[in-house]
Each structure stands twice: as C-alpha cells, then as structure tokens.
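Survey of secondary and tertiary structure
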Amino acid sequence: MVNIVIFGEMGAGKSSVINLLAGQQIARISPDTHRCTLHWTEYSITFENGTRYQVFDTVGLEEPRLQTGEYLSAISNAHSLITTLKERGGINLLLFCVRGGRVTATMQSNYRLFFEFLCEERVTLALVVTNLERELKMEDWYTRNVGHLEKYNIRSAGHACITAANLLDGRHRDKYEASRGILRGVIEAHCNESMDGWTGGQGWFASSISRLVEYVVGRPKKTDIIGVLTKRCGMTREVAQQVAQQIRDANLPPTVLENYGNMPVPSDVRNTGLPQGYESRPSNIVLFGESGVGKSSLINLIMGSDVAEVSSDALSCTITCDPYDVTISGQRFRLWDTAGLNEGSEGRVPAAAAAKRLALFLGGLHRGDGVHLLMYCVRGTRATKALRTTYQTFSSAIGDSKVPIVIVATCLEDCRPTMTEWWNQNKDQLARYGMHFPGHACVTTLPGARADSQDLRQRRVQSYEDVCKLILDHCSPQQAPHRI
Ligand SMILES: Nc1nc2c(ncn2[C@@H]2O[C@H](COP(=O)(O)OP(=O)(O)OP(=O)(O)O)[C@@H](O)[C@H]2O)c(=O)[nH]1
Ligand SMILES: [Mg+2]
C-alpha cells in the first residue's frame, strides 16, 4: 500500500486533483464531519498498473498565521494523521498543491507547517501546480517561475503542471486529459509499493511542536494547552508542560498588520502616496484584495482595453497605486489599482509592506479628494477566513469612516447556473465572518477571444454591465466623498 498526503491552501484545487487522479468523482472514505485545520479525508485509487494508492486530502491553513485555537487543532490533527499512517506503513509521498499564480503568504505557511515543521523535510515532496489551462504549454509556468519558487525555498523532488478543472463546455479538454497522465507519471516516478514510508520516528512529536511555536499568535492559557496535548494528543504531562512553557515564552505580537507576516517593509515603499500633481474631481474608487485575484484585470474590463498590466506568474504584478479615469453613464470616476495583499515574504510587495502602503495611500487620498467607494476584489472560490484577514487589514486602515465597501468576485466563468450563484452560496458565510457588503458583483474578466464559447462572451458582457451598475448604485456624483 502506498500512502500519499495532499496538502495546500483552500482553493488550490486539492479535491479536483484527486478526482482527476481517480478519473472520476470519487466517494470519500471517511466522512468530513468537522472541518478544521489539517483534518483529513481518505480516498483509495488504483492505477492501470495495479498499484493501489491511499490518498489523504487534508484541510490546509486558511491564514498566514495560526490563531491559538487553530494551532492546537493543527497539532492534534497532524498527530492523529501521522500516528494513523504510522500503523499503515507511513507517508510515502507529499503532494503540495498550489494554484499557478502568486506565491501568497498563506501558501508559504502551508508549506512550512506541513513539510518543514511537521514532516521535518524527510518525506519526498512533489509540487502540483493547478489552474494552468490558459498557458500555451502548461509546463511554461514552471519554467518561468522555478527561480521564484527557489527564492521561497519551496523545493520539490518533482512537479506536475496541470489543470484539474473539468470544464463544463469542453474548453481546454485536451489539457485536462493530458493532466491525468502528467500527474500519475510524477507519482509513479517518486513512490512505489516497495518503499518504506516516513513514520515520524522517535521524538518526532515533541520536536515538531516546539518548532511550531513560531506560528502562534498571542499566548494561549497554559491550562488549555496541557489539556489538549495530554487528552487529545496522548502526550505525557511532563512533555506537555514543557511545550506549554515554550509557547508561553514565545514573544509574538498580535496586531492585525503583523498578523500579515513579519517581513520588514522595504525602504522604497515607505513614502508611497498620491502621485505628484494629480488634480481632478472624479469620484475615487479604490480596488483592493489579495495579489493575483484579478484587480488589474477588472480595471481592464471596466476601461474596455488592456491598460493595466496583468500576470499569472508567482510574483505580484501591480506594485504602485495607479489611477485610471473612466466615464460611465456620463459620470466621471477614477479607479485606483493597488498592490495586492498577502503576498509571500520573497515577493515584490510582501504582505506587511502592501498593507502599510495601502494605509499610506488612503491617507493621501483623504488629504486629496476623499474616497467614494472601496471595492473588495476576491477570487470566486468558497468564502474562507482568509477573506476576513484581508478585509480586516483594510478596515483597520480606513478606521471607522463610513466609506461603503462593495465586493466583486472574479473568475466565475464556470460558475453554474449563473455567476450570481457565488453570492447566493457565500453570502451567509461572509456575514458569519463579520463581512457585510451593501453591494456585490459576480464576474469573469476573461477576454472572451473569438475561439471561446458564446456563453463566455455573454458572461463577459454581463460582468461589465454588473460592475458598472455596482459603481453607479454606490457612488453618486452628489454624494460628498468620505474622509478616512
Ligand atoms: N480565469 C480567470 N482568470 C482571471 C480572471 N481575472 C483575472 N484572471 C487571471 O488571474 C491572473 C492575475 O490577474 P491580475 O489582474 O494580474 O491580478 P491582480 O489582482 O491585479 O494582481 P496584483 O497586481 O499582483 O495584486 C492573470 O493571469 C489573469 O489573467 C477571471 O475572471 N477568470
Ligand atoms: Mg494588479
């Protein structure tokens, strides 16, 4: 029996990768009763060569740093996964699943937590890069980005560049079919039934959790930790006490900005404000969101041409706050494209720097014309806590000002039956996380080339109309700008 553990952040496509690997939508073996950090679901898949693989799908971290409660559940879940697998031969291969886009701070944390800390870098790891159907050759993404990944110290024994999106109208089906072979090839090359799996070895648990201390935000109560470690993880009281002491000694700042990462702010971004000499009176609309969610693509959709630079690579693309003037139904607006939040530490605008830069920029707008509307851009996947982190970073930057924040979900070209379904499915979850929006738009910004389907072209037109309506509904010319 070969055991494969798949990990990565939510939205990276882990479940789609499993279905692709199996060649069908496969049933879960253990029901996913409670969702928490590193909880897992088991699947059994047999390849043509007769080898049977047990695939364990884990739920990754949603935020770059763990809060106390999540930290404790990460420990107890990882402990039970690794001890469960110990009795069944150990872990043979790790598949680290990432979207072919920016390296985010969350992606970086998942890699460090699971591979470096929990598995002590002793298990073979293969990288699976998903969402590459729009590359001419899927492998090109890796060729362009391998240098960036190395800068992040993301090392892998092998990699598969694929698409796991089983697109409904048959676009890119050839790439989807090729992806199964690529993925199976990488798995076969790196593990087989005769190999011994990694079982953690002596002292693994105590040593790995002490290294995990780095991830805790704030200081949990000593009694909570000892209870969890002894009851749920089966540690002796003595070891649990030592670990609790280490956690208490760790001196970690809990502020929201630092919650974004500990990266120093590069000197060149400290003084970013409004561009000099920029005077006018259109209503200011600021787009913000994680790096790579499609803010610049949305600007291009609204402007009707490719004025803002976009990219699918690992490094963030927009690094300054750039204005784009547009007239919609006779009203003038100035759209501000901003650097994405939550980029990893080795990126162009690491998370903490981006958050600071945004706060400075908003301060500049406040002294200038004021802000009329904020547009939170998110990728249209399931609403997660990661959305809340970005939202909170931003809310804390605008303080208690009354600027309306509307939400725009992108990448919904395959959302069925209509793009608005994303809002229907996610609005309750967003509200539970404390995010309330007076307006929303569900869009795709894909260019809709001639070869694309009629449906995609219609969706693009719909997207343009919906986002313009959102702007007009929430940004009237009579309304005075808000002060931050
Ligand atoms: N499939 C799909 N891809 C999209 C969509 N919107 C953007 N993309 C792709 O996502 C990638 C990132 O888009 P950008 O517009 O550069 O993202 P950004 O938010 O401006 O990124 P930063 O400038 O780094 O903060 C590009 O490859 C886009 O083509 C969409 O609606 N659907
Ligand atoms: Mg951009």
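Residues numbered from 1 in each chain as written. Chains lettered and ligands numbered in written order. Predicted model: local features only at pLDDT ≥ 70, side-chain atom pairs only at ≥ 80, totals over all residues. Heavy atoms only, no water.

1. Points about the overall build of the chain
When you go through the chain residue by residue, the secondary structure sums to 14 helices and 14 strands. The buried share of the chain, taken over its 484 residues, is 57%. For the chain, contacts bridging at least 24 residues in sequence account for 76% of all contacts bridging at least 6. Surface summary for the chain: the accessible area is close to 20500 Å², and the carbon and sulfur share equals 48%. (Helix = DSSP H or I, 4+ residues; strand = E, 2+ residues; numbered from the N terminus. Buried < 20%, exposed > 50% of the residue type's maximum accessible area, 1.4 Å probe, protein only. Contact = heavy atoms within 4.5 Å. Areas by Shrake-Rupley, 256 points an atom, 1.4 Å probe, with all protein chains shown as cover.)

2. As for the packing of helix α10 (residues 295–303) against helix α14 (residues 454–474)
Put simply, α10 and α14 touch, their axes get as near as 10 Å, and they point 90° apart. Taken together, α10 and α14 sit at an angle that is classed as roughly perpendicular. Only Arg 460, Ser 463, Tyr 464, Val 467 and Ile 471 of α14 make contact with α10, whose side of the interface consists of Leu 298, Leu 301 and Ile 302. (Axes fitted to C-alpha atoms, helices over the stretch in contact; angles between N-to-C directions. Parallel < 35°, antiparallel > 145°, perpendicular 65-115°, else oblique.)

3. Examining the coordination of the magnesium ion (ligand 2)
Within the protein, the atoms that donate to the magnesium ion (ligand 2) are Ser 296 (OG) and Thr 318 (OG1), at distances of 2.0 to 2.1 Å. Of this pair, Ser 296 sits in helix α10 while Thr 318 sits in the loop between α10 and β10 (322–328), and the two are 22 residues apart along the sequence. The same class applies to Ser 296 as to Thr 318, namely buried. (Donors = N, O, S within 2.8 Å, 3.2 Å for Na, K, Ca; no water.)

4. Some points on the side chain of Asn 19
Note that Asn 19 resides in helix α1 (residues 14–22). Judged by its relative accessible area of 18%, Asn 19 falls in the buried class. Excluding residues within four positions of it along the chain, Asn 19 makes contact with Gln 24, Gln 25 and Ile 26.

5. With respect to the environment of Cys 475
On the secondary structure map, Cys 475 appears in the segment after α14. Taking the C-alpha atoms as reference points, Cys 475 and Asn 284, separated by 191 residues in sequence, lie 8.9 Å from one another. Residues contacting Cys 475, with those up to four places away along its chain left out, are Ser 283, Ile 285, Gln 331, Phe 333, His 372 and Leu 373.

6. Notes on the pairing of strand β7 (residues 158–161)
Sheet analysis places strand β6 (residues 125–130) next to β7, joined by four bridges and oriented parallel. Considered in β7, the bridge of Ala 126 is made with Gly 158. With helix α4 (residues 139–151) bridging β6 and its parallel neighbour β7, the resulting β-α-β unit is right-handed. (Pairing = 2+ DSSP bridges. Right-handed = clockwise from strand over helix to strand, strands pointing away.)

7. So, the site of ligand 1
Near ligand 1 there are 21 residues, and of these Ser 291, Lys 295, Ser 297, Glu 413 and Thr 445 occur at the shortest range. Between an oxygen atom of ligand 1 and a side-chain N or O atom of Ser 291, the distance comes to 2.8 Å. Contacts to ligand 1 include Gly 292, whose backbone N or O atom sits 2.9 Å from an oxygen atom. Protein contacts shield 88% of the accessible area of ligand 1, which totals 660 Å² for the unbound molecule. The residue makeup of the shell around ligand 1, split by class, is five nonpolar, twelve polar and four charged. (Near = heavy atom within 4 Å. Polar contact = N/O pair within 3.5 Å; in protein donor to acceptor, adjacent residues only side chain to side chain. Nonpolar A, V, L, I, M, F, W, Y, C, P; charged D, E, K, R; others polar.)

8. Looking at helix α3 (residues 105–118)
Between its terminal C-alpha atoms α3 stretches 18 Å, which fits the 20 Å expected from 14 residues at 1.5 Å a residue. At Arg 112, α3 is bent by approximately 30°, the largest bend along its length. When you tally the buried positions in α3, you get 13 out of 14 residues, the bulk of the element. Note on α3: the residue one or two positions beyond its end, Glu 120, has a positive phi of about 50°. (Expected span 1.5 Å × (residues − 1). Bend = angle between axes of the 7 residues up to and from the residue.)

9. Considering the sheet that holds strand β14 (residues 440–442)
Picture the strands of a sheet paired through backbone hydrogen bonds; they go either parallel or antiparallel. Taken in spatial order, the six strands line up as β10-β11-β9-β12-β13-β14 in an open sheet, and their pairing is mixed. This sheet does not close on itself; its edge strands, each paired only once, are β10 and β14. This sheet shows a mean twist of 25° between the axes of neighbouring strands, independent of strand direction. Sheet analysis places strand β12 (residues 373–379) next to strand β13 (residues 405–410), joined by six bridges and oriented parallel. Across the sheet, the residue bridging to Val 378 is Ala 409, located in β13.

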